[in-house]
Amino acid sequence: MRASCRIVLQLICICILTMVSCVNSQNQTNNWYFGENAGLSFANGEVSVLNDGAMDTPNGCTTISDKQGNLLFYSNGETIWNKNHQIVENGENLSGENTNNQSVIIISHPKTTDRFYVFCTRRTTTFDGSKRAGLYYSEIRITPEYPNGEVTVKNILLRPRVTEKLAATYNPSDDTVNLLVFGKNINNDIAPFDTFFIYKIGQNGFTGGTVSSVQVPSAGTNGPLKISPNNKYIAIADYEGTAIQIYDFDINSSTITLKDQFETFIPFATLNIYGLEFSQDSNILYFCSSNILLKYSIEPTEGFGRRQMVGSSYNHQYGNLQLARNGKIYVATYDEYTGSNQLGVINNPNEFAEMSFDTIPSGPDESNFIELSQDLGTGSSQMGLPIFLASELRNRIITENRCANEAFEFDLDAYDTIDSVVWDFGDGNTSTQMMPSHLYSNPGNYKVKATITIGDCTIDLYKDVEAFVVPNPLDGQTLTQCVSNIQENVIFNLYEIENQLNLIESDNEFIFYSSLEDADLEQNEIQNPESYENLVSGEELFVKITSQNACSDTTNFFLETISISVQNLEPLIECESSDGIEKNEQASFNLDG
């Protein structure tokens, strides 16, 4: 069934102070508070556990830090806590519902550091009618009297009859934050949920513009909404309808167009989708039900499945998915009746495996999903993880791990044009080039830091890289066989040369050649190297050694035969009783004589 879906931009005017701030600093995502007193810090390119949180919430939540990465506030949609883990003045009894998938998001004003907007979703109406279903707005002010925040505007109903689907992102073109919520355009019980409402938060508060519409399927009240980090796509999960819809998003014109939709099924099962998240490069969409995790290529793939299984669990259930500034996607894991003290982690979410959709990996695939990977200390994961502005998580260093004898090529991706950058390659070397190359002198693990400047924002980006070990074998070693003086050729096991090459790593691949040219061109490799017959003593051969990380090196070695003369000896004769025992048909011989 198809219904008309409208995109509505509402106009609400609020006077705002104007001083320069950095609304899209990635540091604002440094701190996460969620679940049962659980927390994580992503500062300085490291992940550390925070167990000082005061919030115990079963589901949706949000956290916001300042542009230096210092904690400011966190909330579950019902209560707001400050950086000291105390309830903000007048910060209780908000109209959100902490059982919602996306119950709340806190957004800082683009041009001031002392005003914050809190948006909450509510799906139900209270019995006394004091809180109706809808999207609510509150405001936090930091003042000399309340330096840790005070809620000065509270529980203003912006829109009735919305779902729990809530997301936001920053648009550098007009310096506004776009808040998206999905709900009904007609305020009655029978109207479908079919409309995106877009609120723009800019220098003058909430501002609006035109109204446009597209034709898309309606969706249920349950399930998340996500915006891709590059602001080009929107995805919503229809939990009740077991479907996912993907849209093209033109943020400048506020145009949303249906791109794709698919039912969420695997062989013999249909999935109710609870978690949804884009990879940091915005090319892959991850989604999960209670115990199945899958991924979907936004653009069609060639030669292999567009939907692929990432993992499944019989022991734990999966909740929300959330991208972090380190490029990994974290998976809320919990037991049916209790939480879990660990999160799942998709370590390489930008990777797409070449396998069919119905393949269930026996171990980690290219995404490298590990179900119980991130420890939470004394905290506990429930169904929810904090949500942030999608664009804050786009900024990244782009490179690939390489062999230590190959130069690394570095690039950057960010939400807006980068004005300057200072690179620290983690080995004492630096650069100010936008796209530098760097050769590590030694293999090992390095933490690369790029400090980028975008307008008035200075953002530190980190990436862990590994320069793989190159085989680096000893040259000119000799493999020796002893032969009699009547033998000209002998059988060699060429693999035995490994013992003389002084290799750092084991489990290498060895391919043998008769000439260096053949080795360089990778042609005419020697067949049956375990039983190779030499042509002449002193014969030179070449071996290409390739490690498990595809690092290779070539060296030469020699086959040498040593002739041993065998002389005829006179027979030794002894009496049968020489061993002191008569008639036992044995004798004792002196071989030194």
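Residues numbered from 1 in each chain as written. Predicted model: local features only at pLDDT ≥ 70, side-chain atom pairs only at ≥ 80, totals over all residues. Heavy atoms only, no water.

(A) Layout of the sheet that holds strand S19 (residues 243–250). One open sheet accounts for four strands, arranged S17-S18-S19-S20; its pairing is antiparallel. At either end of the open sheet lies a strand with only one pairing partner, and these are strand S17 (225–227) and strand S20 (255–263). The sheet shows a mean angle of 20° between the axes of neighbouring strands, taken without regard to direction. Where S19 meets S20, eight bridges bridge the pair, whose relative direction is antiparallel. By the bridge assignment, Phe249 is partnered in S20 with Ile256. (Pairing = 2+ DSSP bridges. Helix = DSSP H or I, 4+ residues; strand = E, 2+ residues; numbered from the N terminus. Axes fitted to C-alpha atoms, helices over the stretch in contact; angles between N-to-C directions.)

(B) Layout of the state of the cysteines. Applying the stated criterion across every chain, the model contains one disulfide. One disulfide bridge connects Cys403 with Cys551, the sulfur atoms lying 2.1 Å from each other. Its torsion about the S-S bond being -100°, the disulfide of Cys403 and Cys551 is classed as left-handed. With a gap of 148 residues between them, Cys403 in strand S33 (residues 402–403) and Cys551 in the loop between strand S45 (539–546) and strand S46 (552–564) connect regions that are remote in the sequence. On the basis of relative accessible area, Cys403 is assigned to the buried category, the value being 5%. (Disulfide = S-S within 2.5 Å. Buried < 20%, exposed > 50% of the residue type's maximum accessible area, 1.4 Å probe, protein only.)

(C) Spotlight on the pattern of salt bridges. Summed over all chains, the structure comprises 17 salt bridges. Here Asp174 makes a salt bridge to Lys200, at a shortest N to O gap of 3.5 Å. Of this pair, Asp174 sits in the loop between strand S12 (162–171) and strand S13 (176–183) while Lys200 sits in strand S14 (residues 195–202), placing them 26 residues apart in sequence. Classification of Asp174 as partly exposed rests on a relative accessible area of 36%. Looking at Lys200, the relative accessible area reads 9%, which means it is buried. Ionic pairing is found between Arg306 and Asp260, a salt bridge with its closest N-O pair at 3.6 Å. With Arg306 in the loop between strand S25 (292–297) and strand S26 (307–312) and Asp260 in strand S20, this pair connects stretches of sequence that are 46 residues apart. According to the relative accessible area criterion, Arg306 is partly exposed, its value standing at 25%. Since its relative accessible area comes to 19%, Asp260 is described here as buried. Here the salt bridges share partners, and the residues they tie into one network are Glu46, Lys447 and Asp464. (Salt bridge = Lys/Arg side-chain N within 4 Å of Asp/Glu carboxyl O.)

(D) Looking closely at the pairing of strand S9 (residues 115–122). When you tally the buried positions in S9, you get eight out of eight residues, the bulk of the element. Neither face of S9 is left uncovered, since the one carrying Arg115, Tyr117, Phe119 and Thr121 and the one carrying Phe116, Val118, Cys120 and Arg122 both have all their residues buried. As defined by bridge partners, strand S8 (residues 104–108) adjoins S9 across five bridges and the pair is classed as antiparallel. Bridge pairing in S9 places Ile107 opposite Tyr117.

(E) Seen up close, the nonpolar core. If you look at the biggest cluster of nonpolar residues, it comprises 45 residues, and the most contacted ones within it are Phe119 and Leu179. Looking at this core element by element, the count peaks at six residues for strand S40 (residues 457–468). In this structure Leu179 touches Ile105, Ile107, Phe119, Leu135, Leu166, Ala167, Ala168, Phe197, Ile198, Tyr199 and Ile201, once residues within four positions along its chain are discounted. In terms of nonpolar packing, the next biggest core, distinct from the first, is built from 20 residues, Tyr33, Leu40, Met55 and Leu71 among them. (Core = buried A, V, L, I, M, F, W, Y, C linked by side-chain atoms within 4.5 Å. Contact = heavy atoms within 4.5 Å.)

(F) Structural context of empty space enclosed by the protein. The tally for this structure, following the rule as stated, stands at four cavities of 30 Å³ or more. Its volume calculated, the largest cavity comes out at about 130 Å³. Elements with a contribution of two residues or more to the lining of the largest cavity: S12, S17 and strand S27 (317–323). Residue composition of the lining of the largest cavity, grouped by class: 13 nonpolar, two polar and two charged. (1 Å grid on protein atoms, 1.4 Å probe; cavity = no way out; pocket = protein on both sides within 12 Å on 5 of 7 lines; lining within 4 Å. Points joined across faces, edges and corners; volume = space filled by probe spheres on them. Nonpolar A, V, L, I, M, F, W, Y, C, P; charged D, E, K, R; others polar.)

(G) Focus on the layout of surface pockets. Taken as a whole, the largest pocket spans an internal volume of roughly 1,000 Å³. Of all the elements in the fold, those that place two or more residues in the lining of the largest pocket are strand S32 (396–398), strand S39 (444–454) and S40. Among the elements that line the lining of the largest pocket, the one with the most residues is S40, at seven residues. Classifying every residue of the lining of the largest pocket gives eight nonpolar, 13 polar and twelve charged.

(H) Spotlight on unusual backbone geometry. For Arg161, which is not glycine, the phi dihedral falls at a positive 55°. Looking at the element boundaries, Arg161 is found in the loop between strand S11 (150–160) and S12. In this structure Arg161 comes out as partly exposed when scored by relative accessible area, which is 25%. We note that Glu585 has phi near 60°; this positive angle belongs to a residue other than glycine. Secondary-structure assignment places Glu585 in the segment after S46.

(I) The arrangement of the confidence of the model for the protein chain in detail. The pLDDT averaged across the protein chain works out to 88; a share of 89% of its residues lies at or above 70. Contacts for the low-pLDDT stretch residues 7–21, under 50 throughout, to residues beyond four places or in other chains number 65 contacts. The low-confidence segment residues 208–215 (pLDDT under 50) makes 20 contacts with residues lying over four places distant or belonging to another chain. (pLDDT = per-residue confidence, 0-100.)

(J) Quick look at the side chain of His109. Looking at the secondary structure, you find His109 in the loop between S8 and S9. Taking the relative accessible area as the measure of exposure, His109 reaches 0% and is therefore buried. A distance of 3.4 Å separates a polar side-chain atom of His109 from the backbone nitrogen of Thr112. (Polar contact = N/O pair within 3.5 Å; in protein donor to acceptor, adjacent residues only side chain to side chain.)

(K) Representation of a nonpolar patch on the surface in the model. Where nonpolar side chains cluster on the molecular surface, the patch consists of Leu572, Phe589 and Leu591 and spans about 350 Å² of accessible area. Here Leu572 is to be found in the segment after S46. (Patch = residues over 30% accessible without salt bridge, like charges linked within 9 Å, V, L, I, M, F, W, Y side chains within 5 Å. Areas by Shrake-Rupley, 256 points an atom, 1.4 Å probe, with all protein chains shown as cover.)

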